[in-house]
Amino acid sequence: MEIEREPLTSSTEIENHEGAIIEDLRASSQNPLSDPTEWLEKTIERNILLTTVDAAINWARKTSLWPVTAFTACCTFEFIGASSSRFDIARFGMEVLRASPRQADLLVCGGTLTWKMAPQIKRLYEQMAEPKWVIAMGACAISGGIFHDSYSVVPGYNHIVPVDVYVPGCPPRPETLLAGIENLRRKIAQNSIKKSGTKR
Amino acid sequence: MNIADNQELSSHLRTHFGEGIIVHGEYVEITIGKFERVAKYLKESLGYEFLSMITAIDYIDYFELVYRIEAFQNKATVQLKLKCEKVKPVVPSLSHLWYGARLQEREVYDLFGIEFSNHPNLKRIVLWEGFQGYPLRKDFKVKSYDAGN
Amino acid sequence: MTLATEQFILNIGPLHPSTHGVFRMRVTMDGETIQDVEPVFGYLHRGLEKLCESHTYKQNIPITDRLDYVSAINNNWPYVMAVEKLAEIQVPLRAEYLRVIMGELQRIASHLLAVGSLMNDMGVFYTAFMYMFREREKIIDLLEMVTGQRLLYNYMRFGGVSMDFPAEFIPALKRFLNIMPSYLDEYDSMMADNEILLSRTKGIGILTPEMAVNSSASGPLLRGSGVKWDLRKDAPYSVYDRFDFDIPTGNNGDCYDRYRVRMEEMRQSIRIINQAIEQLPSGKEKVMVPLRIRPPKGETYSQIEAPRGILGCYIVSDGSTKPYRCHFRAPAFINLTLLQELLIGQKLADAIIIFGSIDLSMGEVDR
């Protein structure tokens with residue numbers, strides 16, 4: 001019955017290190033990040049007419065958004081509901097859920113984010129290739145929801161990653177999520193490559 | 001063996017372990033010194049085999065631990081209570097009797113800061129290393145909106 | 001010639017498709033064999049028990065929904081039962097029946113998800129899952145008809161339930177109950193004798209009854225090992241003593257038995273709902289209870305048989321409008337104690353299946 005084995009590495013060391021990372025991130029992200037469009041660099045902004053190129057690039061980008069599977073809590077099931085046959089997210093070119101962030105360009109943040117989870121989400125976001133977008137799905141992702149005053153909950157994903165579209169609800173219905181995606185597509189359609197080429 | 005209620009159980013336990021076993025309604029209070037032996041006796045001789053729940057409560061002056069142990073054979077339940085002091089609280093671990101006590105004791109340690117002596121792997125479980133304070137203690141304040149009284 | 005080998009450490013999670021949420025394992029491997037497992041919890045710890053202390057009793061009902069988010073109705077139940085016990089509120093008979101019907105529907109939905117994601121872990125990626133989700137959507141439609149929500153229903157109240165059934169609910173429920181057994185047969189014809197499923201689950205992850213009891217396991221994990229312990233029969237709450245149903249158990253305690261127990265429990269749930277519809281009495285769906293309820297000083301514990309095991313709620317009242325302490329005995333958390341015991345010595349590919357067969361939801365594990 002007794003399992004007494006020597007651990008290979010000192011797990012205390014790993015845990016102290018991880019704890020320090022969490023505390024650092026917690027101290028440095030007390031304020032929410034602003035809307036990513038305000039971040040745009042304006043270095044190579046010129047008065048060249050690029051409408052057609054913009055339209056073509058934006059069309060390509062908005063019609064095949066590949067989401068990364070990074071869900072933390074309840075909203076997962078509404079996303080799965082949206083991606084299964086009934087609501088059929090494939091209509092938007094999104095049925096390819098990637099497990100690797102390097103192959104994805106959309107992060108759908110569903111579910112409560114805790115400080116312990118925050119470094120992982122930040123890392124995930126940083127690993128995604130440009131251009132990339134973020135949808136905050138559900139009340140917890142927007143502001144912490146009913147857990148907003150808890151000691152271990154990040155009050156909104158926008159403290160950790162810049163969020164493009166907020167989808168309200170607890171949890172949002174699949175239709176609401178689809179409306180949020182429609183909003184994101186509209187936002188992508190307004191992009192122009194004369195603003196520094198990439199989105200941010 | 002069949003035990004009808006807490007009164008009978010406590011008088012039975014008193015014959016084995018002497019004083020220090022008090023009945024409060026549905027709960028049987030036991031002193032820390034005798035706790036481990038009583039639990040062992042309950043498990044091995046009286047057939048209370050299923051440790052259902054361990055939790056703790058902060059009563060400002062002292063901590064109280066609640067153990068709920070069930071017997072599948074005669075469908076009996078005993079709820080044990082254990083008082084421990086606020087300064088450097090240490091209670092005996094039951095993890096060598098019940099494998100299922102391991103995670104629950106770690107949880108109580110994490111959220112209350114109550115130490116379990118002889119626990120094989122006692123460290124924080126749901127919070128990270130370096131977190132300040134023990135959240136379920138009453139003196140741990142969180143900002144909270146006024147829900148009214 | 002002998003090759004020099006050494007152990008290595010593999011990190012699984014916290015975001016991994018097969019960890020069913022944000023769970024992490026640090027696995028020490030010797031080739032393909034697992035030598036040590038260190039589970040890491042807390043990636044969804046929201047401080048739910050502390051929040052309960054700063055909200056009034058009624059405000060806490062929606063918080064309990066978020067414990068095990070795939071069986072929200074079953075989560076409300078022990079909490080409202082405990083408060084009703086403290087405040088001595090009588091629940092009308094009709095309300096008890098409504099609770100049973102909704103709770104059992106939720107159990108079917110939860111088991112469908114459990115079996116579906118077990119198939120996912122086995123490599124049947126999304127095929128079986130889509131079948132299960134087809135029926136789960138039907139159940140969600142039924143629950144939505146009553147509560148207006150799709151996932152977190154906030155259905156129970158002190159002294160009853162929030163809403164009586166609308167007129168069109170019972171006919172729709174009967175249509176569903178008529179057709180559901182044939183769907184279960186369809187799953188069985190696809191899966192029960194499937195060669196791949198048998199070879200991947202039979203004899204894998206064996207849990208002895210002694211170990212299951214000793215480690216406080218409950219639910220399908222305990223019954224899969226052959227221990228016949230179901231609170232609906234052994235400590236009947238609500239009106240479960242009025243129904244005739246069986247408790248399925250396994251013989252070997254392997255992953256296959258746990259899967260069979262879940263499939264069989266869905267059929268038993270259908271039996272219970274059918275009887276409940278027949279017996280459904282008329283009357284009110286709830287009694288009037290003050291908005292800010294003040295239970296007298298005291299403490300109580302109540303427990304129910306949730307889809308994942310024994311879900312208990314321990315409440316201490318100090319006579320005010322907010323609970324002094326509120327603790328949930330989360331079955332998935334306590335079942336996970338067994339993880340090391342089950343995984344050590346197994347192959348990595350089997351470990352994912354064993355982990356899936358425990359069936360957990362992280363909201364409940366971390367709270």
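Owing to the predicted nature of the structure, the values given are computational and were not obtained by experimental measurement.

A. Spatial organisation of the overall build of chain A. A tally of helices and strands in chain A yields six helices and four strands. In sequence order, the secondary structure elements of chain A are arranged as α-α-β-α-β-α-β-α-β-α. Sorting the 200 residues of chain A into buried and exposed places 50% on the buried side. Taking all contacts inside chain A whose residues are at least 6 apart in sequence as the whole, residues at least 24 apart take part in 82%. Of the roughly 9200 Å² of accessible surface on chain A, a fraction of 54% belongs to carbon and sulfur atoms.

B. How the structure looks around the interface of chain A and chain B. Residue-level contacts link 18 residues of chain A with 19 residues of chain B. Each partner contributes to the roughly 1500 Å² buried at the junction of chain A and chain B, and carbon and sulfur atoms together form 54% of this total. In this assembly, chain A and chain B are joined by one salt bridge. With a closest N to O distance of 3.4 Å, E15 of chain A and K123 of chain B form a salt bridge. A breakdown of the residues in the side of chain A that touches chain B according to their chemical character gives six nonpolar, five polar and seven charged.

C. Main features of the interface of chain C and chain B. Taken together, the contact pairs 45 residues of chain C with 48 residues of chain B. Overall, the association of chain C and chain B removes approximately 3900 Å² of surface from exposure, summing both partners, and the carbon and sulfur fraction of that is 55%. In terms of surface lost to chain B, no three residues of chain C exceed K50, W229 and Y324 of chain C, which account for 16% of the buried area on that side. Our enumeration of links across chain C and chain B arrives at five salt bridges. With a shortest N-O distance of 2.8 Å, K81 of chain B and E299 of chain C are connected by a salt bridge. Along the contact surface separating chain C from chain B lie 19 residue pairs in polar contact (both at pLDDT 80 or more). Secondary structure elements with two or more residues in the side of chain C that touches chain B: α1 (48–53), α8 (209–214), β6 (298–306), β7 (309–317), β8 (325–329), α12 (331–335) and α13 (339–343) of chain C.

D. Broad picture of the pattern of salt bridges. Enumeration over the complete set of coordinates arrives at 46 salt bridges over all chains. Between E70 of chain B and R68 of chain B there is a salt bridge; the shortest N-O distance is 3.3 Å. We classify E70 of chain B as buried; its relative accessible area is 3%. On the accessibility criterion, R68 of chain B (10% relative accessible area) is buried. As a salt-bridge pair, R271 of chain C and D244 of chain C come within 3.2 Å of each other at their nearest N and O atoms. With R271 of chain C in helix α11 (residues 255–279) and D244 of chain C in the loop between α10 (231–234) and α11, this pair connects stretches of sequence that are 27 residues apart. Note on D244 of chain C: relative accessible area 49%, which makes it partly exposed. Three or more residues joined by partner-sharing salt bridges are found here, namely E104, R107, R223, D230, R232, E265 and E305 of chain C.

E. Representation of the pairing of strand β2 (residues 27–30) of chain B. All names here are of chain B. Side chains Y27 and E29 of β2 all project onto a buried face; the interleaved residues V28 and I30 project onto the opposite face, where all are buried too. As paired strands, strand β1 (residues 21–24) and β2 are joined by four bridges and run antiparallel to one another. Looking across to β2, one finds that V23 is bridged to V28. Hairpin connection, β1 to β2: the antiparallel pair is bridged by two residues, and G25 has positive phi, about 60°. By the bridge criterion, four bridges tie β2 to strand β5 (residues 76–85) in an arrangement that is parallel. Note on β5: the bridge partner recorded for I30 is L82.

Definitions and cut-offs
- Residues numbered from 1 in each chain as written.
- Chains lettered and ligands numbered in written order.
- Predicted model: local features only at pLDDT ≥ 70, side-chain atom pairs only at ≥ 80, totals over all residues.
- Heavy atoms only, no water.
- Helix = DSSP H or I, 4+ residues; strand = E, 2+ residues; numbered from the N terminus.
- Buried < 20%, exposed > 50% of the residue type's maximum accessible area, 1.4 Å probe, protein only.
- Contact = heavy atoms within 4.5 Å.
- Areas by Shrake-Rupley, 256 points an atom, 1.4 Å probe, with all protein chains shown as cover.
- Buried area = accessible area lost by both parts, 1.4 Å probe.
- Salt bridge = Lys/Arg side-chain N within 4 Å of Asp/Glu carboxyl O.
- Nonpolar A, V, L, I, M, F, W, Y, C, P; charged D, E, K, R; others polar.
- Polar contact = N/O pair within 3.5 Å; in protein donor to acceptor, adjacent residues only side chain to side chain.
- Pairing = 2+ DSSP bridges.

Note that every value here comes from positions in space, so none of it alone points to a role or purpose.
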